[in-house]
Amino acid sequence: MDTSVPPSVIEFLSTRSSTPISAIGLPAPSDDEIETMVRIASRVPDHGRLTPWRFIIYRGEAREKIGKYLADLAEEREGPLTEQRREQELKRFARAPLVIGVIFTPVEHHIPEWEQFLSSGAAAMNLVLAANALGYATNWISNWYASDKKGRALLGLAPHERVTGFVHIGSCPQKVPERPRPDIKDILSEYSGPWEG
């Protein structure tokens, strides 16, 4: 065991969890804290140093504007929306005080795109961990608009870009109940030779 790793880091990683978006409120991280989180998010494995990811901040009035865009797009896709369904879309990005989009920006290169996407996923997880380490609650989602060409454009993505995730960030005074986690014996095994079906 490496004794240079403080036990508090292991404890933090062992107890980290997501918070329901409905429970995330003010205060939100400051600009300096956001910069710290993004700096940490960018310290991930990145074969070839391609930086196949970027970040978009959604906050303030922009969250309401995006809600209107998404409600109109949902209506275009589904037909007339019920008031409840429209309200759901109007509040998509307004539920938490800050949303940071982690955007996959693949680079034309001999390094496979799937490997670049893994780096983007690592950046999203590092963003979550950095926010949690600063004392903020988080929830990482994608949702239907991440898979919709018009939806991605409305959210500021270029045609070649994809959504890695939208990380909702803010404060939550109460402790979130622990959810069941996988049993280690079900997910860990010793190598026993080639797969035989």
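Here we summarise the structure given alongside this text. (Residues numbered from 1 in each chain as written. Predicted model: local features only at pLDDT ≥ 70, side-chain atom pairs only at ≥ 80, totals over all residues. Heavy atoms only, no water.)

**Some details on the sheet that holds strand β1 (residues 53–59)**
Reasoning step 1: Here we have four strands laid out as an open sheet, ordered β1-β2-β4-β3, and antiparallel in their pairing. What marks the edges here is a single partner per strand, and that holds for β1 and β3 (137–141). Strand-to-strand twist across the sheet, computed as the mean angle between neighbouring axes with direction ignored, equals 20°.
Reasoning step 2: Where β3 meets strand β4 (residues 162–170), five bridges bridge the pair, whose relative direction is antiparallel. Opposite Ala 137, over in β4, you have Gly 170 as the bridge partner.
Reasoning step 3: Across the sheet, helix α5 (residues 113–133) touches β1, β2 (98–104), β3 and β4, and the angle it forms with β2 is around 160°. (Pairing = 2+ DSSP bridges. Helix = DSSP H or I, 4+ residues; strand = E, 2+ residues; numbered from the N terminus. Axes fitted to C-alpha atoms, helices over the stretch in contact; angles between N-to-C directions. Contact = heavy atoms within 4.5 Å.)

**Observations concerning the nonpolar core**
Reasoning step 1: Core analysis: the largest hydrophobic core is formed by 19 residues, its most contacted members being Tyr 58, Phe 93, Tyr 145, Leu 155, Leu 157 and Phe 166.
Reasoning step 2: Going through the elements one at a time, β1, α3 (61–78), β2 and β4 are the ones with two or more residues in this core.
Reasoning step 3: The leading source of residues in this core is α3, at four residues.
Reasoning step 4: Beyond its immediate stretch of four places on either side in the chain, Tyr 145 contacts Leu 70, Arg 92, Phe 93, Gly 151, Arg 152, Leu 155 and Phe 166. (Core = buried A, V, L, I, M, F, W, Y, C linked by side-chain atoms within 4.5 Å. Buried < 20%, exposed > 50% of the residue type's maximum accessible area, 1.4 Å probe, protein only.)

**Regarding the pattern of salt bridges**
Reasoning step 1: As enumerated under the stated definition, the model contains 15 salt bridges in all.
Reasoning step 2: The partner of Arg 181 in a salt bridge is Glu 178, and the shortest N-O contact between them spans 2.8 Å.
Reasoning step 3: Of the residues examined, Arg 181 reaches a relative accessible area of 40% and is grouped as partly exposed.
Reasoning step 4: Since its relative accessible area comes to 52%, Glu 178 is described here as exposed. (Salt bridge = Lys/Arg side-chain N within 4 Å of Asp/Glu carboxyl O.)

**Quick notes on the packing of helix α2 (residues 31–41) against α5**
Reasoning step 1: Viewed as axis vectors pointing N to C, α2 and α5 meet at an angle of 140°, and their least axial separation amounts to 8 Å. The angle between the axes of α2 and α5 places the two elements in the oblique class. The handedness of the crossing between α2 and α5 comes out as right-handed. Judged by residue contacts, Met 37, Val 38, Ile 40 and Ala 41 of α2 engage Ala 123, Asn 126, Leu 127, Ala 130 and Ala 131 from α5.
Reasoning step 2: Among the residues forming the contact of α2 with α5, the class breakdown is eight nonpolar, one polar and no charged. (Parallel < 35°, antiparallel > 145°, perpendicular 65-115°, else oblique. Left-handed = near helix turned anticlockwise from the far one by under 90°. Nonpolar A, V, L, I, M, F, W, Y, C, P; charged D, E, K, R; others polar.)

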